[in-house]
Amino acid sequence: MNLIWLEDFMALAATGNFSRAAEDRHSSQPAFSRRIRALEEWIGAELFDRRSQPAQLTEAGEWFTGVAQELIARVARVPGDARKVAEASSVTLRIASTHALSFTFLPRWLRSLESNTTLGPVQLMSDVLQRCEALMLQSKVQFVLSHAHGKAQGALDAEPYRSTRIGEDLLIPVSAPDGEGRARHQLARRGDAAVPMLQYTEESGLGRIMRAVIGRRLESVPAQAVFTAHLASVLRTMVLDGRGIAWLPQTLVDDDMNQGRLVAAAGNEWEVPLEVRLYRDGELLGKAANAFWNAASGG
């Protein structure tokens, strides 16, 4: 039996129309009909009553519908199940982390874990949050590390995924200083000239949080978006160059602010508190992955 026959069968069962089902399967009708007939010959029973229009499932066809659905679903699960079997004995940890945390938080955090437990090899994939989430949804990583906020729920904030809070951070509006050490660009009030704003793209997790938490408030102040980028590190470079205001993680700009290279561009009421969260699938296989999760979550 050919798996293609099962998919052909389900397409025809849905419509009862050979020509429409063949079109849905990107096949010529004669070739499609031959595959349906080959499936019936392999089973040893007719699956469709061709005397009616549209064609109707026979009793054997009704029974085989459930069988075909189960077989297709089982085949679809094979790659994921195979990865889980392989992971059960793997000592390599596969982590996806947003860029901002990869550069700042992650190295220090891993060192702190290593003081209490032994970690095996770590394979790190650094990307914007949207792509990190996609890697987890496709079971290509075991863990995702990202900033989070209760008002900005993402794909991993729902079942079957789990998360634990492993740190905190703060989004701070910053600017390069002027000659007197004050912010060169300050968040404007209504009626003032528009302040140049350096923003995150849609794919950015920090951008998602910004829009959810203070996006509406920002609409009430005069501002002009002059630059957009995925990465907080890129926005930091632009702020240091005096191009405008950006909301940057405290973990990224602490040294800059302590040494006066950057200064606050608005009051504390414009700061956005963040959590640093570690996400995982509901089902986690393998001693190494489980030991890492227990060490990270205190479980």
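Our subject is the structure that appears above.
Definitions and limits used
- Residues numbered from 1 in each chain as written.
- Predicted model: local features only at pLDDT ≥ 70, side-chain atom pairs only at ≥ 80, totals over all residues.
- Heavy atoms only, no water.
- Buried < 20%, exposed > 50% of the residue type's maximum accessible area, 1.4 Å probe, protein only.
- Helix = DSSP H or I, 4+ residues; strand = E, 2+ residues; numbered from the N terminus.
- Arc of directions from axis to C-beta.
- Phe/Tyr/Trp six-rings, centres within 6.5 Å; stacked < 30°, edge-to-face > 60°.
- Lys NZ or Arg CZ within 6 Å of the ring centre and 35° of its normal.
- Salt bridge = Lys/Arg side-chain N within 4 Å of Asp/Glu carboxyl O.

### Side note on helix H9 (residues 232-240)
- Among the residues of H9, Ala232, Leu235, Met238 and Val239 are the ones counted as buried. Taken down its axis, H9 places every buried residue within 120° of arc, on the same side.
- Directly beyond the C-terminal end of H9, a positive phi value near 80° is found at Gly242.

### Side note on the packing of aromatic side chains
- Scanning all chains against the criterion turns up eight aromatic pairs.
- Summarising the aromatic geometry, the rings of Phe18 and Phe32 are spaced 6.3 Å apart at their centres and angled 80° between planes, so their arrangement reads as edge-to-face. With a gap of 14 residues between them, Phe18 in helix H2 (residues 18-24) and Phe32 in helix H3 (residues 29-43) connect regions that are remote in the sequence. Comparing Phe18 with Phe32, the two get one shared label, buried.
- Ring geometry for Trp247 and Trp270: centres 6.3 Å apart, planes at 65°, overall edge-to-face. Of this pair, Trp247 sits in strand E9 (residues 246-249) while Trp270 sits in the loop between strand E10 (263-264) and strand E11 (272-280); the two residues are 23 residues apart in sequence, bridging distant segments of the chain. Trp270 carries the same exposure label as Trp247, and that label is buried.
- Here Arg217 stacks its cationic end above the ring of Trp270, 4.0 Å away from the centre of that ring.
- The ring of Trp293 is capped by Arg280, whose NZ or CZ atom sits 5.0 Å from the centre of that ring.

### Thoughts on the pattern of salt bridges
- For the coordinates displayed, the defined rule picks out 18 salt bridges.
- For Arg25, the salt bridge goes to Asp8, with nearest N and O atoms at 2.7 Å. With Arg25 in the loop between H2 and H3 and Asp8 in helix H1 (residues 3-15), this residue pair connects regions lying 17 residues apart in the sequence.
- Its relative accessible area of 25% is what places Arg25 among the partly exposed residues.
- One salt bridge in this structure joins Asp256 and Arg261, with 2.8 Å as the shortest N-O distance.
- For Asp256, a relative accessible area of 2% translates into the label buried.

This is a description of form; function is not addressed.
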